[in-house]
Amino acid sequence: MKHLLIALQFLTILPIKIDQELKKNDFGKALLYFPLVGLFLGLALALVAFLFAFLPALTRAAILLITSIAFTVCIHLDGFADTCDGFYVTKSTEKV
């Protein structure tokens, strides 16, 4: 349970307090729970999509994006932006 809480604490903005003593290897073991946290986030976003299904698609997409940002504090968008920077850079390798 401790490793799941570490993964939730790392990947979301949820205020999770862990009362147990943490060791260095606990953080590595928490990686196993990242897909479960992703499933949790996906289910939460699916619930939001279901609740706002009556809205137009573009409005619903904006609400889902804002909700995702609110849960994860842009961690996935930052990685996507870094990837785009790497692929679409117009400078030579030496200048980069």
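In what follows, the accompanying structure is described. (Residues numbered from 1 in each chain as written. Predicted model: local features only at pLDDT ≥ 70, side-chain atom pairs only at ≥ 80, totals over all residues. Heavy atoms only, no water.)

With that settled, consider the overall build of the protein chain. Of the regular secondary structure elements, the protein chain holds 5 helices and 0 strands. Reading the helices (α) and strands (β) of the protein chain from amino to carboxyl end gives α-α-α-α-α. Here the C-alpha atoms of the protein chain give a radius of gyration of 18 Å, more than 25% beyond the 12 Å that 2.2 N^0.38 yields for 96 residues. Dimensions of the protein chain, computed from the C-alpha atoms along their principal axes, are close to 50 × 45 × 20 Å. Scored against the burial criterion, the 96 residues of the protein chain give a buried share of 19%. Of the accessible surface of the protein chain, which amounts to about 7500 Å², a share of 70% is contributed by carbon and sulfur atoms. Separation between the mean location of the 8 positive side-chain charges and that of the 7 negative ones in the protein chain comes to 4 Å. (Helix = DSSP H or I, 4+ residues; strand = E, 2+ residues; numbered from the N terminus. Rg over C-alpha atoms; globule rule 2.2 N^0.38 Å. Buried < 20%, exposed > 50% of the residue type's maximum accessible area, 1.4 Å probe, protein only. Areas by Shrake-Rupley, 256 points an atom, 1.4 Å probe, with all protein chains shown as cover. Lys, Arg positive; Asp, Glu negative; His and termini not counted. Charge placed at Lys NZ, Arg CZ, Asp CG, Glu CD.)

Here we come to a nonpolar patch on the surface. On the surface, a nonpolar cluster with roughly 590 Å² of combined accessible area is contributed by Leu47, Phe50, Leu51, Phe52 and Phe54. For Phe54, the location among the structural elements is in the loop between α3 (34–51) and α4 (57–72). Accessibility expressed as a relative area gives 65% for Phe54, which makes it exposed. (Patch = residues over 30% accessible without salt bridge, like charges linked within 9 Å, V, L, I, M, F, W, Y side chains within 5 Å. Salt bridge = Lys/Arg side-chain N within 4 Å of Asp/Glu carboxyl O.)

For α4, with 16 residues, the first-to-last C-alpha span of 22 Å sits near the 22 Å given by 1.5 Å per residue. Val73 sits one or two residues past α4 and shows a positive phi near 55°. (Expected span 1.5 Å × (residues − 1).)

A few words now on the environment of Phe50. With respect to the helices and strands, the residue Phe50 is situated in helix α3. The spatial distance from the C-alpha of Phe50 to the C-alpha of Thr72 is 20 Å, given a sequence separation of 22 residues.

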